[in-house]
Amino acid sequence: MSTSTSPQIPLDDFDASIKSRYIEISSAALGGLVLSCSDDFFASKDNLIKPSASASLKGQFGPNGALYDGWESRRHNLAFDWAIVLLAPPRASVAYVDIDTSHFSGNEAPASEVFGIQLTDEEREAYAAVARGAKGRKLGADDKRWTRILEHVTLGPNSRHIFKIQETGQTYSALMVRMIPDGGMARFRAYGHPLSLAIPATLPPPGTAPLNLLSPLVGAHIVACSDANFSPPQNLLLPGRGHDMSDGWETRRSQVGRGKYGPGGALEGRERKEWVVGRLGATGVVRFVEVDSAYHVGNYPVACQVEATLSDAEVPLDDAEWTVIVRTQPLGPHRQHWFDVERAVSPSAVFSHVRCSIYPDGGLKRLRIFGFPLAASATAPVPAGPLRVPALPLTYEAFAPYGHVVQGYDLPTSAPKGIVVNVANQGTAFKFHRLAAVVDGHGAAGNGVRIGSVRQAPVADVRAGALIEVKALERHMKYSQAFIPQGKGGSGITPGGAYLVVVALNGADDRPDLSTLRAFLATEAQGVSYAPGVWHHRLLTLNETVDYAFVDAQSGDFARDTEILTPASPYAIVDVEPYTVPSALVRSASAPSVHSTLTAPLSALSGTITPVPITHAAFAPFGALIRTYPAGGAPSSAPTASIPAASVVVKHEALADVSSTYPADAGAITGIAVFRATPKVGLARGRTFDVRLMERHRYTTQAFIPMGKAEWTGKGEPALPGTGSFLVIVAQNGADDRPDPKTLSAFIMEAGTGLSYAPGVWHHPVLVLDATLDLACVETQVSTGVPEPDERDCELLEWDGDDVFGRVAVPAL
């Protein structure tokens, strides 16, 4: 029973029609935190605000007694026990509380009361820090500011109790729940609305960071969905990326001709899709959208579309006018996707609701709508001047209309759809095959595909964000062009760079179609390959100097190869959010060179060789190096090119050829793959390594380019740790068509340098030292190994038992 000011609500009514209109403002999933309690001897206070339902632990015991998934205090309290919950929003109104005694029977709390308090932002931060272990004063039950919001109510065993809180217009930062006099409580959930966003009548000044208008912490909530068979759509709004597949939104399968799409079904004959509608925390304009498929690796949707509308209704009516703000876009597994708003949508168009449709079905982890609050009655003018474009994190799917993204993935199952991934190099690497195609449309009239290197100084610092003008666009009609940031090891340049990628498709007038103009921020761990004919801005390096390997098929005639347009006024202004690399990553990538610890080779009589630092001259019999050289230091075969831009420090057009002598009917394809290579078991600093494997590629060069290590924190793949280097073991072919042991050589190659093995050169499969590396691999192959490998791609020799090809003394650090 309860007092008349706090009536108890039937559980079925609350779950069916009330709960979805409010935010669970106490939930740990949103950032709620149990600050303190009077006693939790038997079961932890932190269980109170878990998002999951309480689980039965019947029959399980710990050192203090029976285990419970809830909060339980000692017996024999003469007054009451209490727990204080810091709400997830800084301030929120409270409409309902759910006091749950599930699985507590005979030891449940007999009665309860609830109190609220409002805190300053400084107090919130201080009390939260203390709860997490910092020294300081805790928020106590004796604070005079506590206000009773739920009078004394009676509780029963093993059941949920829903109470409506009297509306007073008051907002709170924390709640205190009492157990009278003691006992157990499984969960405590408070439902309400965060303090509303201020809704201005004008847009903020340029450079202002957009807000997530679909965050529950600003009052956004889900109002409808087509299906929630496996998990509820409310999870889409939670912070973070979750912990597994369970805390996202997942629908049932909708096979063709079955269920609601089958004969006689409500949607018979219609396109298969599922949808969810969310109400924004405030009316506003939308700048870009994030769709996250984290942990959905075999059940992610094929594609999605996002629409928006303006409506006063909680659930927009059937005749609501929906505007497509993100056209149908492909999705990938376990990936954050960012999508710019369609150019046809006015930058001052105001919306209140969004609808995300997925095709045909599946699961998503999160949906976020970034923009600015703006009153529905506002008459904000369309900003004058050039097009304004946000720089979004680079993803394979979003970049697909313009080319390809070259990068490794934390999980092999995260590879883009259609990319073959297999275990390579005797279990030491995952190989992501043919992430990018290499196109040479010049044929015999050109110079073939070549790999060069360019060092570019930053054109802008975006650590605090920046606005960057797009003053020119260029295209290469005959060939693709790839840029791959190289590692920093041994390069002498500071880690922490990035680069801006600006692209547009060709229009009907044979000029850039600005409705397709997009901007992406790429980290040093990501390469891009522009498809032939795609308009793009030349390199725009950010924050720190970056070395890039580039792969293209220039003919040597610049006017024939490249068309550049420079309009009288900028095509666009790109809004770049603040980007920095974590300081720990910068320190690890700046580790001292290992070259100083290396010694000259031991006597040949010892039978063991010691690697030496790799140089162009020493490696020339086996292939070529891919790196930037100081002025005058480049090999004669790759002279320094003329400098086309002031920010370019040095450029080498042709360091290594990409050649292939496969028969024309072999169907061989030149592409760029990535090996995520880990140190091999048995390969360690200060120990001798037995060379038991050697391979060659008779018909093709094979280039390996160590990539940079970086991340945009919270916006993509995590960075690989450490620096890492490459142990290179090579030999020339002997008279017996086998590797000649007399020519066995070994080198240490740091991550700022790449190499290309000449066709037919024997070499050990990739060997990395110290840390995992992503290696971009430029090669020509007939097969990716699926369904079967082609023996022409790789010839591998193996020595067993006491028989080895050679031994290498790996130097200690």
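Above: the structure in question.
Conventions adopted
Counting from 1, residues in each chain are numbered in the order their sequence is written. Only residues with pLDDT of 70 or above have their local features reported here, since the model is predicted, and side-chain atom pairs are shown and tallied only from 80 upward, although totals for entire chains, interfaces and linings are computed over all residues. Hydrogens and water molecules were not included; the side-chain quantities draw on all heavy atoms of the structure. Ring pairs are drawn from Phe, Tyr and Trp, using the six-membered ring of Trp, whenever the two centres fall within 6.5 Å, and their geometry is named by plane angle: stacked under 30 degrees, edge-to-face over 60, tilted for the rest. Starting at the N terminus, helices and strands are each numbered in turn, a helix being any DSSP run of H or I of at least four residues and a strand any DSSP run of E of at least two. When a residue's accessible area, from a 1.4 Å probe over protein chains only, is under 20% of the maximum for its type it is buried; when over 50% it is exposed; and in between it is partly exposed. For two strands to be treated as a pair, DSSP must find no fewer than two bridges joining them. In this analysis, two residues are considered to be in contact whenever any of their non-hydrogen atoms come within 4.5 Å of each other. Fitting a line to C-alpha atoms yields each axis, with helices limited to the stretch in contact; the angle taken between N-to-C directions then spans 0 to 180 degrees. By the criterion applied in these results, polar contacts are pairs of N or O atoms within 3.5 Å in which, for protein atoms, one can donate a hydrogen and the other can accept it, and in which residues neighboring in sequence qualify only through two side-chain atoms. Patch membership is restricted to residues that have no salt bridge and whose relative accessible area is over 30%. Joining uses 9 Å for like charges and 5 Å for the nonpolar side chains Val, Leu, Ile, Met, Phe, Trp and Tyr. For accessible areas, the Shrake-Rupley method is used with a probe of radius 1.4 Å. Any residue's cover is judged against the shown protein chains and nothing else. Within this document, salt bridges are pairs made up of a side-chain nitrogen of Lys or Arg and a carboxyl oxygen of Asp or Glu, the two lying within 4 Å of each other. Counted as positive: Lys and Arg. Counted as negative: Asp and Glu, with His and the chain ends omitted from the count. Where a charge lies is defined by one atom per residue type, namely NZ (Lys), CZ (Arg), CG (Asp) and CD (Glu). The definition of a nonpolar core used throughout is a set of buried Ala, Val, Leu, Ile, Met, Phe, Trp, Tyr and Cys residues joined through side-chain atoms within 4.5 Å. What the arc describes is the spread of directions from the helix axis to the C-beta atoms.

What follows concerns the packing of aromatic side chains. Going through the model one piece at a time under the given rule, you end up with 24 aromatic pairs. Both rings, one in tyrosine 68 and one in phenylalanine 104, keep their centres 4.5 Å apart while their planes meet at 15 degrees; by these two values the pair is stacked. Taken together, the residues span a long stretch of sequence, with tyrosine 68 in the loop between strand 5 (65-66) and strand 6 (71-72) and phenylalanine 104 in the loop between strand 8 (92-100) and strand 9 (111-117) at a distance of 36 residues. Pairing phenylalanine 619 with phenylalanine 747 gives two aromatic rings, centres 6.0 Å apart and planes at 85 degrees, and the pair type is edge-to-face. Within this pair, whereas phenylalanine 619 is found in helix 6 (residues 616-619), its partner phenylalanine 747 is found in strand 50 (residues 745-750), the two being separated by 128 residues in sequence. Residue phenylalanine 619 is classed as buried on the basis of its relative accessible area of 0%. Through pairs of rings, three or more aromatic residues link up here, namely Phe399, Tyr402, Phe483, Tyr499, Phe520, Tyr530, Tyr548 and Phe550.

So, on to the sheet that holds strand 8. Ordered in space as 1-11-8-14-2, the 5 strands form an open sheet in which the pairing is antiparallel. The open sheet is flanked by strand 1 (8-9) and strand 2 (23-24), the only strands paired with a single partner. Bridging between strand 1 and strand 11 (residues 160-164) involves 2 bridges; their strand directions are antiparallel. Its bridge partner being in strand 11, isoleucine 9 is matched across the sheet by isoleucine 162. Packed on one face of the sheet, helix 1 (residues 11-18) meets strand 1, strand 8, strand 11 and strand 14 (187-194) and runs near 65 degrees to strand 11.

Attention now goes to unusual backbone geometry. With an omega of 0 degrees, the peptide bond running from isoleucine 180 to proline 181 counts as cis. Among the secondary structure elements, proline 181 is positioned in the loop between strand 12 (174-180) and strand 13 (184-185). Valine 786 connects to proline 787 through a cis peptide bond whose omega is 0 degrees. With respect to the helices, strands and loops of the structure, proline 787 is situated in the loop between strand 54 (773-781) and strand 55 (795-798). The backbone of tyrosine 295 shows a phi angle near 70 degrees, a positive value even though the residue is not glycine. Within the secondary structure, tyrosine 295 is located in the loop between strand 18 (274-292) and strand 19 (303-309). Look at tyrosine 295 and you get partly exposed, because its relative accessible area is 32%. Backbone geometry places aspartate 737, a non-glycine residue, at a positive phi of 60 degrees.

Attention shifts here to the sheet that holds strand 35 (residues 527-530). Pairing is antiparallel in the open sheet, where 6 strands are placed in the order 26-35-32-38-29-44. Edge strands, defined here as strands with exactly one partner in the open sheet, are strand 26 (403-406) and strand 44 (648-658). For this sheet the average axis-to-axis angle between neighbouring strands, irrespective of direction, equals 20 degrees. Note: strand 32 (residues 481-485) against strand 38 (residues 546-552), 4 bridges, orientation antiparallel.

Moving on: the environment of arginine 21. Inspection of the secondary structure puts arginine 21 in the loop between helix 1 and strand 2. Looking at arginine 21, the relative accessible area reads 36%, which means it is partly exposed. The residues touching arginine 21, leaving out its near neighbours within four places in the chain, are His193, His221 and Glu314. Within the local environment of arginine 21, its side chain forms a polar contact with the backbone oxygen of serine 17, the two atoms lying 2.6 Å apart.

Attention now goes to a negative patch on the surface. Together, Glu798, Asp800, Asp802 and Asp803 give the surface a local cluster of negative charge. Tracing the chain through its elements places glutamate 798 in strand 55. Overall, the relative accessible area of 55% leaves glutamate 798 in the exposed class.

To continue, consider the nonpolar core. Counting 103 residues, the largest nonpolar core has Ile325, Phe399, Ile451, Phe619, Ile672 and Val728 as its most contacted members. In this structure phenylalanine 619 touches Ile614, Ala624, Leu625, Val728, Val730, Phe747, Leu755, Ser756 and Tyr757, once residues within four positions along its chain are discounted. If you look at the next biggest cluster of nonpolar residues, it comprises 32 residues, including Ile25, Leu87, Ile165 and Leu238.

Looking now at helix 2 (residues 121-131). Turning to helix 2, its buried residues number three or more, namely Glu123, Arg124, Tyr127, Ala128 and Val130. Projected onto a plane normal to the axis of helix 2, the buried residues spread over an arc of 160 degrees and lie on a single side. In this structure, helix 2 carries Glu122 and Glu125 as exposed residues pointing more than 90 degrees from its buried face. Elements in contact with the buried residues of helix 2: strand 3 (33-37) and strand 7 (81-86). Glycine 133 lies just past helix 2 and shows a positive phi near 120 degrees.

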